[in-house]
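# Structural characterization, general
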Amino acid sequence: MSIQIAVRNLIAHKFSSIIVGTIITFGTFLLVLGLALTDSVNQSMERTITSSLGGNLQVYSQDAKDELSLYGDGFMGTPDYGEMLRFGDAREVIEAVPGVKAMVPMGSSSVIVSNDGNELDSCINELRDVVDNGQQEMRQELIAKIKSIIADREAEITRGRDVAGDVERLDKMLEQIETIKVAGFWDGLDTKPDEVFYHLDTNIAPLGDEGKIGYFRNLGTDITRFSQNFDSFQITQGTMVPEGERGYLIAQRVYDQRVKNKVAKAFDKIKDQRDTFDKTIENDASLKSEAKRLPRQYRGITYELSTADSRMLNDKLKSLLPSVEGTLDERVQAFLKVDDSNFDKRYDFFYETIVPMIKLHWFNVGDTITLRAVTKSGYYKSINVKLWGVYNFKGLEKTDLAGAANLIDLISFRELYGLMSEEMKAELNSIRDEVNTQDVDRENAEDALFGGSDSLEDDIEDDTFNALDSNEGEQFSHTLLDTTFDAEDIDNGLAIHAAIILEPGIDQLQAKTDIEKAIQENKLGLQVVGWEEASGLIGQFIVVLRVVLYIAIFIIFLVALVIINNSMVMATLERVTEIGTMRAIGAQQNFIMKLFLLEIMILGIFSGLVGSGFGFLTIQWLGQVGIPAPSRQLIFLFSGPKLFPTIGLEHILIGLAVVLSVSLISTLYPARIATRIEPVTAMQAKE
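All of these numbers come straight from a predicted model, not from anything done at the bench.

Let's shift gears to a nonpolar patch on the surface. Judged by side-chain polarity, Phe15, Ile19, Val543, Val547, Ile551, Phe554, Ile555, Leu558, Val559, Val562 and Ile563 come together as a nonpolar surface patch covering roughly 970 Å² of accessible area. Of all elements in the fold, only α2 (14–52) and α26 (540–574) reach the threshold of two or more residues within the nonpolar patch. Among the elements that make up the nonpolar patch, the one with the highest residue count is α26 (nine residues). Along the chain, the position of Val543 falls in helix α26.

Turning our attention to the packing of α2 against helix α28 (residues 589–625). Contact geometry for α2 and α28: axes closest at 7 Å, N-to-C directions at 40°. Viewed along their axes, α2 and α28 adopt a mutual orientation that is oblique. Handedness of the α2/α28 crossing: right-handed. Judged by residue contacts, Ser17, Val20, Gly21, Ile24, Thr25, Thr28, Phe29, Val32, Leu33, Ala36 and Leu37 of α2 engage Ile600, Leu603, Gly604, Ser607, Gly608, Val610, Gly611, Ser612, Phe614, Gly615, Thr618 and Ile619 from α28. Grouping the constituent residues of the contact of α2 with α28 by class yields 12 nonpolar, 11 polar and no charged.

Right, let's get into the packing of aromatic side chains. A complete count under the given rule lists 17 aromatic pairs for this structure. Pairing Tyr255 with Phe363 gives two aromatic rings, centres 6.4 Å apart and planes at 45°, and the pair type is tilted. Of the two residues, Tyr255 sits in helix α10 (residues 252–258) while Phe363 sits in the loop between α16 (343–354) and β6 (368–374), which places them 108 residues apart along the sequence. The residues Tyr255 and Phe363 share a single accessibility class, namely buried. Members of the aromatic cluster, connected to one another through ring pairs, are Phe267, Phe335, Phe343, Tyr347, Phe349, Phe350 and Tyr351. Arg128 extends its terminal NZ or CZ atom over the ring of Phe197, reaching a point 4.8 Å from the ring centre.

Despite not being glycine, Lys523 has its phi angle at roughly 50°, a positive value. Mapped onto the elements of the fold, Lys523 is located in the loop between α24 (508–521) and β10 (526–530).

Opposite charge on two side chains permits them to pair, given that their charged atoms come into close proximity. With the rule as written, the count across this model stands at 20 salt bridges. Across the pair Arg153 and Glu156 runs a salt bridge whose closest N-O atoms are separated by 2.6 Å. With Arg153 and Glu156 both in helix α5 (residues 136–161), this residue pair falls three residues apart, about one helical turn. Here Arg153 falls in the buried class, since its relative accessible area comes to 17%. The shortest N-O distance in the salt bridge between Lys279 and Asp284 comes to 3.9 Å. Given the relative accessible area of 29%, Lys279 is considered partly exposed.

Quick look at the packing of helix α14 (residues 307–320) against helix α15 (residues 328–335) now. Relative orientation of the contacting elements α14 and α15 amounts to 50°, with a least axis distance of 10 Å. Classified by the angle between their axes, α14 and α15 sit oblique to one another. By crossing handedness, the relation of α14 to α15 is classed as left-handed. The residues of α15 that touch α14, namely those facing Ser310, Leu313, Asn314, Leu317, Lys318 and Leu320, are Leu328, Arg331, Val332 and Phe335. Looking at the contact of α14 with α15 residue by residue, the classes come out as six nonpolar, two polar and two charged.

Here the focus is the side chain of Asn42. Along the polypeptide, Asn42 turns up in helix α2. Classification of Asn42 by relative accessible area gives buried; the value is 17%. Residues within four places of Asn42 in sequence aside, it is in contact with Trp531, Ile542 and Arg546.

Right, let's get into α24. For α24, built from 14 residues, the straight-helix expectation of 20 Å at 1.5 Å per residue is met to within 8% by its first-to-last C-alpha distance of 20 Å. Of all the residues in α24, the buried ones are Gln508, Ala511, Lys512, Ile515, Ala518 and Ile519. Buried residues of α24, viewed axially, fall in a sector of 130°; they line one side. Seen from the buried face of α24, the exposed residues on the opposite side, beyond 90 degrees, are Leu509, Lys517, Gln520 and Glu521. Where α24 begins, one side-chain oxygen reaches toward the backbone nitrogen of Leu509, 3.3 Å away; that side chain belongs to Asp507.

Basis of the calculations
- Residues numbered from 1 in each chain as written.
- Predicted model: local features only at pLDDT ≥ 70, side-chain atom pairs only at ≥ 80, totals over all residues.
- Heavy atoms only, no water.
- Patch = residues over 30% accessible without salt bridge, like charges linked within 9 Å, V, L, I, M, F, W, Y side chains within 5 Å.
- Areas by Shrake-Rupley, 256 points an atom, 1.4 Å probe, with all protein chains shown as cover.
- Salt bridge = Lys/Arg side-chain N within 4 Å of Asp/Glu carboxyl O.
- Helix = DSSP H or I, 4+ residues; strand = E, 2+ residues; numbered from the N terminus.
- Axes fitted to C-alpha atoms, helices over the stretch in contact; angles between N-to-C directions.
- Parallel < 35°, antiparallel > 145°, perpendicular 65-115°, else oblique.
- Left-handed = near helix turned anticlockwise from the far one by under 90°.
- Contact = heavy atoms within 4.5 Å.
- Nonpolar A, V, L, I, M, F, W, Y, C, P; charged D, E, K, R; others polar.
- Phe/Tyr/Trp six-rings, centres within 6.5 Å; stacked < 30°, edge-to-face > 60°.
- Buried < 20%, exposed > 50% of the residue type's maximum accessible area, 1.4 Å probe, protein only.
- Lys NZ or Arg CZ within 6 Å of the ring centre and 35° of its normal.
- Expected span 1.5 Å × (residues − 1).
- Arc of directions from axis to C-beta.
- Polar contact = N/O pair within 3.5 Å; in protein donor to acceptor, adjacent residues only side chain to side chain.

See below:
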């Protein structure tokens, strides 16, 4: 009976019912859509982080002074995450917790990687070979190339002189440059080649740039265990580091962005933006600027060419650009002038013709590279490691954050961290015994070093410097490079933090509680954090997203509350006669209150279902076509180039519950007004 009356009233007051119903429909649609999108982004981020670097949980020392941040905290410096002195102790306890699949040791560090020499060194060495072999034509080409490089350096030094404080040093460099401009200098290659090359090696070659230096962020880990437990890990070039051997895997993004030839990087960037984000050189300011800078980078090609390749490339460019006259430098500059009409052809020519002539990366897979880092004690430590391959994470190839760290074996990481193996400790003790070191008290240190006593000087009177000149250092490095290790070495040593991988379907919060209990019972002194906390600022994004959503919901709540309330008040005033008549024939206040609430409940359920239906269909459609990620940061958040959102029953139920609550609350006041209408009011209205 009440339902029939409520439905009749809703139909009888169509205008107000349509207004209120539209508001409820729109509010439900936005709410369901926002909840589904937020949860989808959250799931994508979780998939990105847990399958690429972080694992489901991270564990590290409870004495850490800084909070763990896998992707950096945005500040310079080395954070203090404490230490796990024996990783195996923690692994044995935590992997015994039900639902834990594996525990992977980790530790982060920054290293410096540099190459030997510069383009000037290479040219002088090549000239030496050409002179020895009597190749006159190539000799002239190399001399011209050296003069070109020196001319570029002279221009740079002259510009630097205008702003540098150490003008005297720059003036000396310019004086050295003048020495090779003296008439007859290059003729000395025939009469006194040793003197000429001595001058070039000692005075001219140092004027070149300092070569290439890279500052890389490394993740020391058990690489085999890492590859087995992070599903999206894949080798794209080279091979995996063999189990039990030292080695290095560089992230694809780092290899392409920081080790690659700068001209190749510019070509790649333009092509990627054109193909991935449908941008054009003409309409995109960033691409237009990149294309404008490209011709000025011609030395990135010409400096890399041998004399034979220089002639070959010059001939090929004559065919490609017949209208361009001049030297090879001018033809290369003309080739590097790209626009939307010629870019694809120039890109193909660059990779098919030029790249085989130049060194595309300044170190390649298979090379042994030297990593230099500052140890925990503040000293520099260098080790040689072999670059076995290049890796990335499937679906995240284009994101910078997913390629933020290169992988190094845990034993090498520990050495860069400043730990000493038993062999190294034995060697150090042997050196101490050889030089007969002795302990000196702090109070007596100054006298021992600088006072009248020369006891320390006498003690180290040995062949230390002769030893440094020998091959012992090289042999030591090779020994490190060839050292193998086993699982026991991993377990018995240090890790800074570790990733915990859970079995599929295991509740993360319950697992965290169980692991914390096991840690406490075994007094391991560790703390456990989820992937959101461990990812630092990146993980906070989803928190920000949820806060924005809740603020939006609150605003929708207030707007809907006001509009529905006003509409219901107006509808109540229009129904004074009707309500007064109902009161006159015996309807009680409670009946009027229930009738109003029933009306809004029926309208809310109907409109809410319609709004939820629109939201469901919209998410289903977006789940099919995907939401494109317009930037690399969103590719990381979307776990790929597109987000494919999903919707669950909980999103619809929450949306309906919130909207019905708002509707009921906004109807309380007009319903209360209706209950106060007296029967006489209806009679007065009729009179």
